[in-house]
Structures are given as C-alpha cells and as structure tokens.
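So you can see what is in the structure, the chains are spelled out below.
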Amino acid sequence: MPRMPTLSWPRLILLAALLSGLVLPAVADQGATGAASQVVARERSISEWLLRMHEASRRRAYIGTLVVSSGGSMASARVWHVCDGEQQMERVESLTGTPRSTFRRNDEVVTFSPLSRVAVAEKREALGLFPHLLKTVDAAIEQHYGASPQGSERVAGFEADIVQLTPRDSLRFGYRIWSEKRTGLVVKLQTLDDQGRVLEQVAFSELQLDAPVSMDKLNRMMGNTEGYKVESPALVKTTPAAEGWRLAQEVPGFRAMSCYRRPTASGVDALQWAFSDGLASVSVFIEVYDPRHHGQEGLQALGATHALVRRVMAGGTSWWLTLVGEVPAQTLQAFSQGLERTR
Amino acid sequence: MQETKMQQAEQAHELASALADGELQGAEFTQALLALESSPEAQSRWHSYHLVGDVMRAGAGAAVSAHDAEFVARLRLRLHQEEGRPQPEARLGLGVVSSSANDSVWRWKLVAGLSSLAVVAVLGWQLAVPSPQAVQMAVSGPTPVQPQTSVAQTNAEPPVMIRDPRLDQLITAHQQLGGTSALQMPAGFLRNATFERPSR
C-alpha cells in the first residue's frame, strides 16, 4: 500500500472539492467501462464464457439460496461456497424434501442424511477435471454449440449477462446462462429443448457475493461424522475393452470420459461408461439381464434428464442397458444402437 | 478489562453461531449451552440466528412470529423479575430509579432495544430480499418449466414411461459421475446436490 503524503488542511479542503467534482467524470468513466465490457461480452467465445464462469466460482465466496425447477418439480437449497485459490469448499443444505447436507472439498464429497444417520463419502474425480476439460474438449464444444449474447437481466439483485448456447444438431439441448457482470458467476441456468422451451432451470433466488464463509468451519462440519454410519460406494475403475464392449458407431461430439464397475441394488455389478460433449453428459449402464430384477423397457424423462432402458442380445447373452443423460431421447437411442459386444 | 469483556462477547457470539449452525458436539456443545445460560449476549445472538434461519426458511411466516412472541414473553418475565427486586427508591416511593440500581434494568432494556433493532433489521432485509418461496413462485410464474413431452421421438416404437427405484439409483449414479460437463463445476454440482428426484 503506498504511503499517504501528509496533507495540510487547505490542501485537504481543496482535495475534497476536487473529489466532489470527480464524481461525475467517474460515473461517465464507469459508463464507458460498461460499454467496453459489452463489446467484450459480444466477442467472447464459448470457452471464454465457460472459463470466466469457472474462474468466478474458483475465486469468489458466496452464500445463496438456489432454486431448481425441473419437470414440474421444485427443489431449493441454501449454498455456502468458499475458496482460497487452492481449495474450494461448498456446503449445500436442502430446504425441500428429505433433509440432506452435502459438503464438497475439491473432488471429495460427503452427503449427510440426518434421518437415516448415513453419511456417504466419495471422491468424484470428474469434479477435478475442470478446467483441464476445457482445454481438451473446447474444440468439440465450439463445433457443436454456438454462443450468442442475449443482453442482460437482473437475477437475485445482480446485473447478469445472458449468453445462449445453441446446439448445432438435434443430439443435444441448448442452454441459456446468466453470468453475473462483475465476477462472471453463474447465477441462473436454463436447459432448453429444440423449440426453445425451458426443460429445467437452476437459479439463485438470493445471493450474497463475497460473503464471509469460514473454510475452517466447513472443514470441521464436513469431518464431523460422529453418530453417522459412513458409507463409500465401491467403484472399480475398468475399461470398456476389458469388459468386452465398444462403441462401434460413435455419437457425434461425445467422447468417452470414464468407465467404472459399480454395485447395484440387485447385487450384480453394473458397468458405467460415461461420455460427454463438454456440456452434456451420458452414462451407459450395462448389466447382465436378470428377470428377477429387470422389468420393463422404456423411456423416462424428468426435466432435461432422460433415461432409456433396453434389453439387448449380444454375444449369446441377454443384457440390460440403461442410458441416462441430459440429452434428447434420440441421443440415447444412438448410443444404444452404436454399442457392440467384442466377445 | 475492556478487552476481556470484548473477548468474552466475541466468544459468546462464536459459540452461539456455531450452536445455531448445529456444528457443535460433545464438550463444545455443553460449553455452548453453559455460555448460553449465563450470557445475555449469547442468548440474544442465539435468538437472532434462529430468527434469521426461520426467516430464510419460512419467509415471514408463523414460525417466526411464534418464536418472537416466545422471546418477548421471556424478556418481559426477566424484566419483571429485575423490576420486582426490592429497591430502596421503590420502597420510598420516590418513583425515580438511581443509576446504580437501574444498571441491570438498563442493560436489559439495551438488550431488548438491540433485539428489536435486530428484528427490524431482519424484517427489513426480508422485505428487501425476496424469500425463496416468493422467488420460487416468481420462477414458476413467468417461465413455467415444461413437463418433458415435447422432445421428438425418432424411434417408431412409442416410448413407455417407466419409473422404478432401480432406475432412480442409476440416474443418481449418473449425476454423481456426470461431472464431465463444463457446466458441472459452477452449476451442475449444486443442481444435483439440491434437486431430489420426486418420490412416488
């Protein structure tokens, strides 16, 4: 901080007079900066938008109330977010439905269910991927979506730039994103179908930016599993090749991201093969068909999330496929049709 | 001396805050309860935190006013107890309370004053900041979220809508692993942590 030079009283008075005169030019200057930022907003590429939004959540602390509306249902939660440049922490307390507290420290997630006294502790590797993800798939994002600024609007008391990401084909949904003007923080997000109808909306109804959130406190709360039964999902990393599967016909824009074996309620492991086009993601679950556990084939849709269930014959065995993603049903069809047994 | 008092007040504040957040266990919990019992500052804080919490959750609903009424009733009782103590001036019927005897009364009035100030501040803030419910209504009003029926089906066979717990489990698994999206980090994770699939 530069040292203030000592000022005599007459100088101070003069300075005060000057400062009051400076107010107007300062406002004019702000207007100019605003205009400049609008020019920048118009020229930002999708990757730049996404990186800015991500940086905002990496650098800012906030407390807010998040409202999610999807498929005619509504849910809300109180959110605390804090970061110190290295670590990011979040606390999400559900305000609707079953009481639930979720804590996140980078890619570690603990979900407390006070009614069942169960805490699920897991590592979600994918959460750590970003922003590296942008560097690898940004070409795909640019190739499959176009970005267009849509002016600005106030959300939760903050002026936000609106950007619309429109898919270039019918294999994905569009998005409309409200990004807080000053910081870039995502304050509202809509998923849109091909007619521009809102399938799902996530928005802050109330937000306190740069709020005093204590990382120590969140750390202590996340670590305090006293009185809870701690469970961890037993995920085993594998590869589709090792499991005898491949995607003979790729779905444009979607890349394989991870492959795991995970236990299911039926006691038999399911293969989970995850894909992403950078914005939307699809999971392909493959299990050996079991008539005692597997019932009806079909399609389920809730908001932007679609699920397709299919029984297929491959390699002399009957399989049960479940495809889930925030994509149109036809994308899930394309995945199910492209899948091939290699042995 | 002044510093110690400030430290104590700060500590009471911290304890009440931690207790209100439900993050105290064991010995800390006991200590906080003791502090709450003995410190009017902590009690006032405790009340304010709850009031803020109630307002956040319920809007300016019944829970808040009931809670408040309870607090005011308790406060009145305590004031009454304070005033009910034998005081020389009162016995003399002078009606004027000297500074030494009214010290504690004044303190309580200050607490009451501060509390009502806190209530006014909270309610004012509540008016300025829309409650989640109000916003939910606003959200559901102008931009209704369409139930998903509009997506074109390329497949000839009509889709069968299915709902079963096994499928829900896999959808949850997808959301947990589905963080491979660039939107996941700012918004997707929060969305998934917030949104609970409707139970049937």
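Overview of the overall build of chain A
- A count of helical and extended segments in chain A gives seven helices and 21 strands.
- Relative to its 343 residues, chain A shows a buried fraction of 40%.
- Counting contacts in chain A only where the partners sit at least 6 residues apart, residues at least 24 apart contribute 52% of the total.

Observations regarding the pairing of strand β10 (residues 186-192) of chain A
Residues and elements named next belong to chain A.
- Most of β10 sits inside the fold, with seven of its seven residues counted as buried.
- Pairing of strand β9 (residues 174-180) with β10 involves six bridges; the strand directions are antiparallel. Looking at the pairing, Y175 lines up with T191 of β10.
- Judged from the five bridges that link them, β10 and strand β11 (residues 198-209) form a sheet pairing that is antiparallel. The residue bridging K188 from the neighbouring strand is A203, located in β11.
- Linkage of β10 to β11, two consecutive antiparallel strands, is achieved through a turn of five residues, within which G196 is found at a positive phi near 80°.

What about the confidence of the model for chain B?
Residues and elements named next belong to chain B.
- Model confidence for chain B is summarised by a mean pLDDT of 59, while 37% of its residues fall at 70 or above.
- At the low end of the mean pLDDT range in chain B sits helix α7 (residues 132-140), at 37; at the high end sits helix α8 (residues 165-177), at 83.
- Across residues 86-110, where pLDDT falls below 50, the model places 14 contacts with residues more than four positions away in sequence or in other chains.
- Throughout residues 116-159 the model reports pLDDT below 50, and contacts reaching past four residues in sequence, or to other chains, amount to 70 contacts.
- Across the whole predicted complex the pTM is 0.63, and at the interface the ipTM reaches 0.80.

Notes on the sheet that holds β9 of chain A
Residue and element names in this part refer to chain A.
- The twelve strands are arranged β7-β8-β9-β10-β11-β1-β2-β3-β4-β5-β6-β12 in an open sheet whose pairing can be described as mixed. With partners counted over all chains shown, the strands left at the sheet margins are β7 (145-155) and β12 (229-231), one partner each. Here the average twist between neighbouring strands, direction ignored, is 15°.
- As paired strands, strand β4 (residues 101-105) and strand β5 (residues 108-113) are joined by five bridges and run antiparallel to one another. Bridge pairing in β5 places S101 opposite F112.

Topic: the nonpolar core
- Counting 94 residues, the largest nonpolar core has L66, V187, V282, V284, A307, L323 and F335 of chain A as its most contacted members.
- When neighbours within four sequence positions are excluded, F335 of chain A is seen to be in contact with V251, V282, V284 and L323 of chain A.
- In terms of nonpolar packing, the next biggest core, distinct from the first, is built from seven residues, A16, L19, A35 and A42 of chain B among them.

A short note on the confidence of the model for chain A
- Looking at chain A, the pLDDT average stands at 84 and 83% of residues meet or exceed 70.
- Across residues 1-41 of chain A the pLDDT falls below 50, and counting only partners more than four positions away or on other chains, this stretch makes five contacts in the model.

Some thoughts on α8 of chain B
- Relative to the 18 Å expected for 13 residues at 1.5 Å per residue, α8 of chain B spans 18 Å between its end C-alpha atoms, a close match to the ideal helical length.
- Among the residues of α8 of chain B, those classed as buried are L167, L170, I171, A173, H174, Q175, Q176 and L177 of chain B.

A word on the sheet that holds strand β13 (residues 236-237) of chain A
- Across the sheet, seven strands lie side by side as β13-β15-β16-β17-β20-β19-β18 (chain A); this open sheet has antiparallel pairing. Here the strands that pair on one side only, and so sit at the sheet edges, are β13 and β18 (298-302) of chain A.
- In terms of strand pairing, strand β17 (residues 281-288) of chain A meets strand β20 (residues 317-325) of chain A through seven bridges, oriented antiparallel. Looking at the pairing, F285 of chain A lines up with T322 of chain A of β20 of chain A.
- Across the sheet, helix α7 (residues 329-338) of chain A touches β17, β18, β19 (305-314) and β20 of chain A, and the angle it forms with β19 of chain A is around 25°.
- Strand contacts of α8 of chain B: β15 (255-263), β16 (269-276), β17, β18, β19 and β20 of chain A, with the helix running at about 55° to β20 of chain A, the strand carrying the most contacts.

So, the environment of L247 of chain A
- Note that L247 of chain A resides in strand β14 (residues 245-247).
- When neighbours within four sequence positions are excluded, L247 of chain A is seen to be in contact with G338 and L339 of chain A.

Reading the values: the criteria
- Residues numbered from 1 in each chain as written.
- Chains lettered and ligands numbered in written order.
- Predicted model: local features only at pLDDT ≥ 70, side-chain atom pairs only at ≥ 80, totals over all residues.
- Helix = DSSP H or I, 4+ residues; strand = E, 2+ residues; numbered from the N terminus.
- Buried ≥ 20, exposed ≤ 12 C-beta atoms within 10 Å, placed from the backbone.
- Contact = placed C-beta atoms within 7 Å.
- Pairing = 2+ DSSP bridges.
- pLDDT = per-residue confidence, 0-100.
- Axes fitted to C-alpha atoms, helices over the stretch in contact; angles between N-to-C directions.
- Core = buried A, V, L, I, M, F, W, Y, C linked by C-beta atoms within 7 Å.
- Expected span 1.5 Å × (residues − 1).

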